Amino acid sequence: MKNIKLILALLVSLAVTACGGGGGDGGLGNSVPTTPLLITSDATQLQKITTAVLNTTSGSAINIFSPSDFLDALNAINPSCANGGTVEHFASGSASGTIDFFDCSYTVGKSLRGTVSYSFLTTTPLNNSFNPDDLSAKLNLNLTVTRAGFPITTLVGDYNLGVTGLNSSTTTKTSSSSAGASLKVSNNLTEVISNFSFQNVSLFSSSESGNNYFTLASSYLGGVINYDTITPFVTNTTLSHRFPSTGSALITSTASSSELLVTIMGDEYSPSPNQIKIEFRTSPSSIYNPPVFYAWTYLFPPP
């Protein structure tokens, strides 16, 4: 799902500037909390939690370095990228290597700057990176991605990438953390994601479904929370909708037994302003408080 613009009035805007291939981390020195967040019924806190988790799961910044970006770089015959900038690929055999991006653009309105190292690369058919049906690899990123109309996003860390059905009508992409590994993400805030799995199923020219779980350490929230999808978040991609129309997730913290349930009632084109519903309760056995509703444009004003 596509990255969503955060509330600039609430979030700390980070200046992200890279200074060459292999130097994608520009401004990610910001510390993130390690203490579990005590989730309470405070309305301001619950709104911030909702914004943060929807930014992570619906925005899925982890997905902005796409399998096609990876394959284009692996198969680069010359350093020039299709829409400007350059790329350098240094292979260390058939299964590992390093890719340096210098404002490289394979897609109009999107450019890559920084370094991606890969290892344990496998494809189906075997050793076919030109047109594989499936691929998997471990990626280590220090990469800044600039896209027209979206916040600059920087990824630092590693994850395991698995993609199936690249040449079929249904493509499944899974990005998951290695044991003890984490990924630092910066767009309009700094956060660290660990213990994660992001699974996106794309139906050709129809919809995209996200089924994710993660631990989020957020400088915006000032603490650590856990997120788990209950029902997948489904986005209509036929009309390029930016937000999901259905889905639900549970947010918890080890600081208490409190729970926050987030339910998607409609996307940004829904006629009802009650597009996102949140419900708080003090424990799994207690009754939820009366729900609070938001519109997507309230949490994520259009640019």
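Rules behind the numbers
- Residues numbered from 1 in each chain as written.
- Predicted model: local features only at pLDDT ≥ 70, side-chain atom pairs only at ≥ 80, totals over all residues.
- Heavy atoms only, no water.
- Helix = DSSP H or I, 4+ residues; strand = E, 2+ residues; numbered from the N terminus.
- Buried < 20%, exposed > 50% of the residue type's maximum accessible area, 1.4 Å probe, protein only.
- Contact = heavy atoms within 4.5 Å.
- Polar contact = N/O pair within 3.5 Å; in protein donor to acceptor, adjacent residues only side chain to side chain.
- pLDDT = per-residue confidence, 0-100.
- Disulfide = S-S within 2.5 Å.

### Description of the environment of Thr122
Stage number 1. Here Thr122 is to be found in strand β3 (residues 110–124).
Stage number 2. On the accessibility criterion, Thr122 (41% relative accessible area) is partly exposed.
Stage number 3. Between the alpha carbons of Thr122 and Pro132 there is a distance of 9.6 Å; along the sequence they are ten residues apart.
Stage number 4. Leaving out residues up to four positions away in the same chain, Thr122 has contacts with Asp134, Leu135 and Ser136.
Stage number 5. Polar contacts involving the side chain of Thr122 include one to the side chain of Ser136, which spans 2.6 Å.

### Some words on the confidence of the model for the chain
Stage number 1. In the predicted model, the chain carries a mean pLDDT of 86, and the fraction of residues at 70 or more is 88%.
Stage number 2. Here residues 1–29 is a poorly scored stretch, pLDDT under 50, and it has 104 contacts once near neighbours within four places are set aside; other chains count.

### Concerning the state of the cysteines
Stage number 1. Inspection of the entire model under this criterion finds one disulfide.
Stage number 2. Here Cys81 engages in a disulfide with Cys104; their sulfurs sit 2.0 Å apart. Classification of the bridge connecting Cys81 and Cys104 rests on its S-S torsion, roughly -110°, and on that basis the disulfide is left-handed. Pair noted here: Cys81 is in the loop between α2 (67–74) and β1 (86–91) and Cys104 is in strand β2 (residues 97–107), with a separation of 23 residues, a long-range link.

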